[in-house]
Structure formats: C-alpha cells, structure tokens
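These are the residues of each chain, in order.
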Amino acid sequence: MIVLKKLANGFAYIEIKNSSAEAKIALQGAHIFHYARVGEEPILWLSEVSDFEVGKAIRGGVPVCWPWFGFNEDKTLPQHGFARTALWEFVGGDEVDEKTTTFTFRLTYNEKTLGMWHYKFLLELKITISDKLIMELKTTNIDERTFKISQALHTYFSVSHISDVTIKGLDNKPYLDALTWKNEVQKGDITFNQEVDRVYQEVDGEIALSDKNRTIHIKNENSSSAVIWNPWIEKCGRMSAMKPNAYESMLCIEPANAFLDARVIKPQKSHTLKATIF
Ligand code: TA6
C-alpha cells in the first residue's frame, strides 16, 4: 500500500509496504531513507539525529549526488550537487504485483538550478521496491550544448558493527584515496579499522558487503566507479546529523560515475546510472 505522509513541518514522504519489503521515500531529493525486506533488519542506515527539513539533506538512506560528486570548482556551491535537497515531482507509483512496487520521480531545471549549473536537464529516478532495491537515475540533456556530469547514489548501509564488515569484489581495483589524494590499488578484501574514503575505478562486477549475519550484494550498471566511505571516530564527530558512535553501524558503498568515470552527455541523449541491491 502506498501512503503519502507529512511531518508536522510539512516534510513529505511516501511510505510503501508490499509482501516483499517496506520503504520510505522523501519527495525532497527523491531520497529513499528506509528499506527493509519483510522479517529482516533495515538494509539502509538512517541517522537517529537526521534532519527532516526542507533544504537539508537527510543523513542516511540514498542521497542523490548530482550533477557533481564531491566539491564543485565553485566552492560556494553545495558538496555533492543540488539534486538531494531539491523538491522533486512525484510522477507516480505502480503496484506491479503484491511483491513489487515502482516509483518515478522527476526533477528539471529552473531558475535556481540554472544559477548553479547552466544547463537544461531532465532527471528521473525510478525506484523499485521488492526483495531487491533497484534505483535507476536517468539524466537527459535537453539543452543545446553538451554537458558533463559526475554522480553517485550515496548509499548508507546498516551494519552490525563496522569491525565485523568485509567488502569483497574490489580486489586489484585502482582507487583514489580521498584522504591522501594518492592513487592506490586495492589488495584483497576491504576491512575497517580507520577512516576510509576511496573512489574505486574499473569497477565491473558485483560488490559484496559481508556482515556478521548477512551478505548484501550491490550490482552497478553503466558505472565503472564506486565510493567506499566510513568516517571512523574523528570525522564522525565532525559530521552533521551523526551521533559520535554512528560510524560503528554504517558504511557507504556508492554506485557512481565519479572522477575518471564522469559522463559526457550530448543534446537529446541520456545516461542511466543503475544500482541493484539484493
Ligand atoms: O562519499 C564520501 C563523502 O564524499 C565523504 O568525503 C563525506 O564528505 C561524505 O561524502 C558525506 O558528505 P555530506 O555532504 O553528505 O556530509
């Protein structure tokens, strides 16, 4: 069942429950901030102290980082772009069957976006809620000029404890270490005992998040980059809307088109970043 809900401050979100899973998706940012399969702990992490306010990104779930990932050359512009704090149009929901529900959200240019990024665009996000979480972020260039985007589905995963987690599938992949700005190569699986902030390239297979009691798989399409981030103790203490110990229960694995994997889109052409979580 699909229900449109509003908080006391007017913050609107959609709540869905079907026979496979439940989810919550905010209209701001087309931001899914809850996804749990029936009988399981949530797969997406959400900060206990997240904001749910117009203009403030929710801390957790899947922020849509678009049309740039990271910082823009113009440092007065928001990190990770403007899509995650914009009010998207809810195009509609479709209860395909009792196990599967799809949602479509749309964002297009306006005076405010043109002031930050001088191109006419159409951005659509299709979210499928079933025993899989599928996100398809489609950028269409409706300008007369070619433009370049970088983007990420900045997915926060809930984990039992960060020390119990191993990431498989990135062995031998090159990565940019955002803590040192040095290019490195991954050796073996990824485990965590300090801050990790890395943009992996040449990603061409599934990534597995192996936790104490379950393994979550992430399959990216039309993407050859992925970001892995855990703030660890010191940075977590400096992050907005995160409790000091929040780093213990979260991990970001972000399907992306970032850095070397940024995408050039010609007029009337499209690019779709697709992520399947199962
Ligand atoms: O994706 C990793 C990252 O770029 C980190 O460096 C950290 O800044 C994180 O995103 C959170 O960024 P935010 O803008 O959501 O606070």
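Here we summarise the structure given alongside this text. This structure is a prediction, so every number in the text was calculated from the model and none was measured.

Reading the values: rules and limits
- Residues numbered from 1 in each chain as written.
- Predicted model: local features only at pLDDT ≥ 70, side-chain atom pairs only at ≥ 80, totals over all residues.
- Heavy atoms only, no water.
- 1 Å grid on protein atoms, 1.4 Å probe; cavity = no way out; pocket = protein on both sides within 12 Å on 5 of 7 lines; lining within 4 Å.
- Points joined across faces, edges and corners; volume = space filled by probe spheres on them.
- Nonpolar A, V, L, I, M, F, W, Y, C, P; charged D, E, K, R; others polar.
- Salt bridge = Lys/Arg side-chain N within 4 Å of Asp/Glu carboxyl O.
- Helix = DSSP H or I, 4+ residues; strand = E, 2+ residues; numbered from the N terminus.
- Buried < 20%, exposed > 50% of the residue type's maximum accessible area, 1.4 Å probe, protein only.
- Contact = heavy atoms within 4.5 Å.
- Polar contact = N/O pair within 3.5 Å; in protein donor to acceptor, adjacent residues only side chain to side chain.
- Core = buried A, V, L, I, M, F, W, Y, C linked by side-chain atoms within 4.5 Å.
- Pairing = 2+ DSSP bridges.
- Axes fitted to C-alpha atoms, helices over the stretch in contact; angles between N-to-C directions.
- Near = heavy atom within 4 Å.
- Areas by Shrake-Rupley, 256 points an atom, 1.4 Å probe, with all protein chains shown as cover.

### Looking at the layout of surface pockets
Here comes step 1: Of the voids in this model, the second largest pocket is the one considered here, and its volume is about 160 Å³.
Here comes step 2: Forming the boundary of the second largest pocket are E41, P42, S158, V159, S160, D211, N213 and R214.
Here comes step 3: Looking at the lining of the second largest pocket residue by residue, the class counts come to two nonpolar, three polar and three charged.

### Some points on the pattern of salt bridges
Here comes step 1: On inspection of all chains with the given rule, the structure shows 12 salt bridges.
Here comes step 2: Note that E221 and K274 form a salt bridge whose closest N and O atoms lie 4.0 Å from each other. In this pair, E221 is assigned in strand β18 (residues 215-221) and K274 in strand β22 (residues 270-277), connecting sequence segments 53 residues apart.
Here comes step 3: The shortest N-O distance in the salt bridge between D261 and R263 comes to 2.7 Å.
Here comes step 4: Since its relative accessible area comes to 4%, D261 is described here as buried.
Here comes step 5: What makes R263 partly exposed here is its relative accessible area of 23%.
Here comes step 6: Here the residues in one salt-bridge network are K5, E15 and K24, joined through shared partners.

### A word on the environment of H118
Here comes step 1: Along the polypeptide, H118 turns up in the loop between α1 (111-116) and β8 (121-129).
Here comes step 2: Separated by 108 residues in sequence, H118 and A226 have C-alpha atoms that sit 27 Å apart.
Here comes step 3: Setting aside residues no more than four positions away along its own chain, H118 makes contact with D143 and R145.
Here comes step 4: At 2.8 Å, the side chain of H118 forms a polar contact with the backbone oxygen of L114.

### What about the nonpolar core?
Here comes step 1: Counting 72 residues, the largest nonpolar core has I32 and W88 as the members making the most contacts within it.
Here comes step 2: Per-element tally for this core: the top contributor is β8, with five residues.
Here comes step 3: Once you skip the residues sitting within four places of it in the chain, W88 turns out to touch L27, G29, A30, V64, A83, F105, R106, L107, L123, E124, L125 and L137.
Here comes step 4: Membership of the second largest hydrophobic core comes to eight residues, among which are C65, F69, V199 and V227.

### Here we look at the sheet that holds strand β2 (residues 12-17)
The strands making up a sheet associate through hydrogen bonds between their backbones, and the pairing can be parallel or antiparallel.
Here comes step 1: Read from one edge of the open sheet, four strands run β1-β2-β3-β4, paired in antiparallel fashion. Looking at which strands have only one partner, the edges of the open sheet turn out to be β1 (2-6) and β4 (31-37). Across the sheet, the mean angle from the axis of one strand to that of its neighbour is 15 degrees, orientation sign disregarded.
Here comes step 2: Pairing of β2 with strand β3 (residues 21-26) involves five bridges; the strand directions are antiparallel. Bridging from a neighbouring strand, E15 pairs with K24 of β3.

### Quick word on the site of the ligand
Here comes step 1: In the region of the ligand, the neighbouring residues are R59, F69, Q79, H80, R84, H154, D197, V227, W229, K235, M239 and E254.
Here comes step 2: Between the ligand and H80 there is a distance of 3.1 Å, counted from an oxygen atom to a side-chain nitrogen or oxygen.
Here comes step 3: For the ligand, an oxygen atom lies 2.6 Å from a polar atom in the side chain of D197.
Here comes step 4: Notes on the ligand: free accessible area 390 Å², of which the protein chains cover 88%.
Here comes step 5: Of the residues assigned to the shell around the ligand, the class counts are four nonpolar, three polar and five charged.

### Comments concerning the pairing of strand β14 (residues 174-177)
Here comes step 1: In the sheet, β14 pairs with strand β15 (residues 182-185) via four bridges, with the strands oriented antiparallel. When the bridges of β15 are listed, D177 appears paired with K182.
Here comes step 2: Connecting β14 to the antiparallel partner β15 that follows it, the hairpin turn spans four residues, and W181 within it adopts a positive phi of roughly 60 degrees.
Here comes step 3: For β14 and strand β16 (residues 196-200), the ladder comprises three bridges, and the chain directions are antiparallel. Residue Y175 lies in a different strand from β16, and its bridge partner there is Y200.

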